[in-house]
Amino acid sequence: MKKTLITALAATIALASASTFAYAAKDGDKRGGGRHGPNIERMLEKLDANNDGDISLAEIKTHQENIFASVDADDDNSLTQEEFEMIAEMRKAEREANKQQRTETAQSNDNDGKRGGKGKRGGKRGPSFDRLDADNSGGITLTEFTGHADKMFKRMDRNSDGVINSDDMKRKNG
């Protein structure tokens, strides 16, 4: 139990960046970084390991590998349903921490802390266990866990320069 708690706490911050990337990649083409789009500064802060202002595919994969390792409690190089669900718990904890931070900021800015939306965001909050378990083995391997990164990275790298940065978040005129 202690290892699970420590693992969950250690991975909470790391997990937020993975969900940020997944959400931004899913909606990046439609939203382009506006009010409801990906926050490039937050993505850079969490994913730009070498602080060069760009997010590379290698940085994203390394980050995903760290998340995988942090929730693989039995170190068998495969995530069980229970281990995978730890990711959702960590994401929930991160959302709550972000909500608390927004509320504190809003109180100091004399506003109610809401982002202006109508409540919960619709749709999926990330890949499901069944979808990631491509071979239906009952476990998710590291290859299965990181397999969607290439496709998402390509979608986010709008100018095809091999990195994701603020240039990729700007709407294309046309």
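Everything discussed here concerns the structure shown above.
Asker: Is there a simple way to think about the overall build of the protein in this case?
Answerer: Scanning the protein for helices and strands turns up eight helices and two strands. Reading the secondary structure of the protein in the N-to-C direction produces α-α-α-β-α-α-β-α-α-α. Looking at the protein as a whole, 36% of its 174 residues qualify as buried. Within the protein, contacts between residues at least 6 apart in sequence are counted, and of these 62% link residues at least 24 apart.

Asker: Is there a simple way to explain the packing of aromatic side chains in this structure?
Answerer: The relative placement of two aromatic rings is captured by the distance of their centres and the angle of their planes. All told, the structure shown has two aromatic pairs when counted by the stated rule. Residues F68 and F145 carry aromatic rings whose centres are separated by 5.7 Å and whose planes lie at 55° to one another, so their mutual orientation is tilted. With a gap of 77 residues between them, F68 in helix α3 (residues 57-71) and F145 in helix α6 (residues 142-146) connect regions that are remote in the sequence. The pair F68 / F145 is uniform in exposure class, with both members buried. Aromatic side chains F84 and F129 sit 5.7 Å apart centroid to centroid with 65° between the ring planes, which places their arrangement in the edge-to-face category. Remark: F129 occurs in helix α5 (residues 129-132) and F84 occurs in helix α4 (residues 81-108); sequence separation between them is 45 residues. As far as burial versus exposure is concerned, F84 and F129 are alike and both buried.

Asker: What should I look at first to understand the packing of α3 against helix α7 (residues 149-156) in this one?
Answerer: Each pair of packed helices can be described by the angle between their axes along with the distance between the axes. Where α3 meets α7, the closest approach of the two axes is 10 Å, and the angle between their N-to-C directions is 140°. On the basis of their axis angle, the class for α3 and α7 is oblique. Where α3 crosses over α7, the two elements pack in a sense that is right-handed. Contacts between α3 and α7 involve L57, I60, K61 and Q64 on the former and, on the latter, A149, D150 and F153. The residue makeup of the contact of α3 with α7, split by class, is four nonpolar, one polar and two charged.

Asker: How should the environment of D168 be read in this particular structure?
Answerer: Here D168 is to be found in helix α8 (residues 166-169). For the pair formed by D168 and R158, sequence separation is 10 residues and the distance between their alpha carbons is 5.2 Å. Contact partners of D168, with chain neighbours within four places excluded, come to M156, D157, R158, N159, D161 and V163. At 3.1 Å, the side chain of D168 and the backbone nitrogen of N159 are in polar contact.

Rules behind the numbers
- Residues numbered from 1 in each chain as written.
- Predicted model: local features only at pLDDT ≥ 70, side-chain atom pairs only at ≥ 80, totals over all residues.
- Heavy atoms only, no water.
- Helix = DSSP H or I, 4+ residues; strand = E, 2+ residues; numbered from the N terminus.
- Buried < 20%, exposed > 50% of the residue type's maximum accessible area, 1.4 Å probe, protein only.
- Contact = heavy atoms within 4.5 Å.
- Phe/Tyr/Trp six-rings, centres within 6.5 Å; stacked < 30°, edge-to-face > 60°.
- Axes fitted to C-alpha atoms, helices over the stretch in contact; angles between N-to-C directions.
- Parallel < 35°, antiparallel > 145°, perpendicular 65-115°, else oblique.
- Left-handed = near helix turned anticlockwise from the far one by under 90°.
- Nonpolar A, V, L, I, M, F, W, Y, C, P; charged D, E, K, R; others polar.
- Polar contact = N/O pair within 3.5 Å; in protein donor to acceptor, adjacent residues only side chain to side chain.

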